[in-house]
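Close look at the chain arrangement
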Amino acid sequence: MHDDSVIESQPATTSGKSQLHAVLVRVFDTGVLLIGESGIGKSECALDLIARGHRLVADDAVEIHVVNKTIVGKAPGLTSHLIEIRGLGIINVPEIFGEQAVCDESEVDICIELRKWTDVESNPLGEAASEYPIAGGTRPKLVLPVSSGRNLATLVETAVRLYRNGGSGKTAKSLIDRHTKLLDSVQ
């Protein structure tokens, strides 16, 4: 079972703002908050997404505030437009990828937790949709198991496409309903 104490689900609050240990990226014009324990690969996933044309908002620390009931995230001033990659150091994203690779702030639309493969319960149809508490509200949360050889950027892009199309639960629910109906007709 996963130790939720590793992830700060309740951000530290200072003067109307809060800060999370997370990464915020814009993927297909959707604000994606990547969470997970330190060293799980959040920044590396963000770097891969940037290389695919998506945009970095904040790496490592995300300042969260509410604007007109909308949850918005941005980087603290000191780390704005920077990303730290183990082995490469601190990278100035606009210098390497261009100004289009960064965004000063973004609404937080969905949360994706990167979790060690061994910490994810065995469920071939995926974890049930859950909610992530943030800034007095919630956002949909998906869990992506991490292991060597998995392309997290592709999985994050696919998760965002599913979110934008109304969620992934429909296909799994349809399969379960059809299976149940088939079994009921046999009995």
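Look up a bit, the structure's there.
Residues numbered from 1 in each chain as written. Predicted model: local features only at pLDDT ≥ 70, side-chain atom pairs only at ≥ 80, totals over all residues. Heavy atoms only, no water.

Even without a glycine there, the phi angle at His81 is positive, about 70°. Relative to the helices and strands, His81 is located in the loop between strand 7 (70-74) and strand 8 (82-85). The residue Ala135 is not glycine, and still its phi comes out positive at about 50°. Among the secondary structure elements, Ala135 is positioned in the loop between strand 12 (130-134) and strand 13 (137-146). Here Ala135 falls in the partly exposed class, since its relative accessible area comes to 32%. (Helix = DSSP H or I, 4+ residues; strand = E, 2+ residues; numbered from the N terminus. Buried < 20%, exposed > 50% of the residue type's maximum accessible area, 1.4 Å probe, protein only.)

This next bit is on the pairing of strand 8. Residue alternation in strand 8 divides its side chains into a buried set, Ile83 and Ile85, and an unburied set, Leu82 and Glu84. Hairpin connection of strand 8 to strand 9 (residues 89-92): three residues between the antiparallel strands, including Gly87 at a positive phi of 95°. (Pairing = 2+ DSSP bridges.)

Our focus in this paragraph is the nonpolar core. Membership of the largest hydrophobic core comes to 28 residues, with the highest contact counts inside it found for Val25, Val32, Leu34, Ile83, Ile112 and Val156. Elements supplying a minimum of two residues to this core: strand 3 (23-27), strand 4 (30-35), helix 1 (42-51), strand 8, strand 11 (110-116), strand 13 and helix 3 (152-164). Not counting residues within four places of it along the chain, the set of residues in contact with Ile83 comprises Ser43, Ala46, Leu47, Ile50, Leu56, Asp59, Gly89, Ile90, Ile91 and Val93. In terms of nonpolar packing, the next biggest core, distinct from the first, is built from 16 residues, Ile35, Ile71, Ala75 and Val108 among them. (Core = buried A, V, L, I, M, F, W, Y, C linked by side-chain atoms within 4.5 Å. Contact = heavy atoms within 4.5 Å.)

Everything listed is a geometric property; what it means functionally is a separate question.
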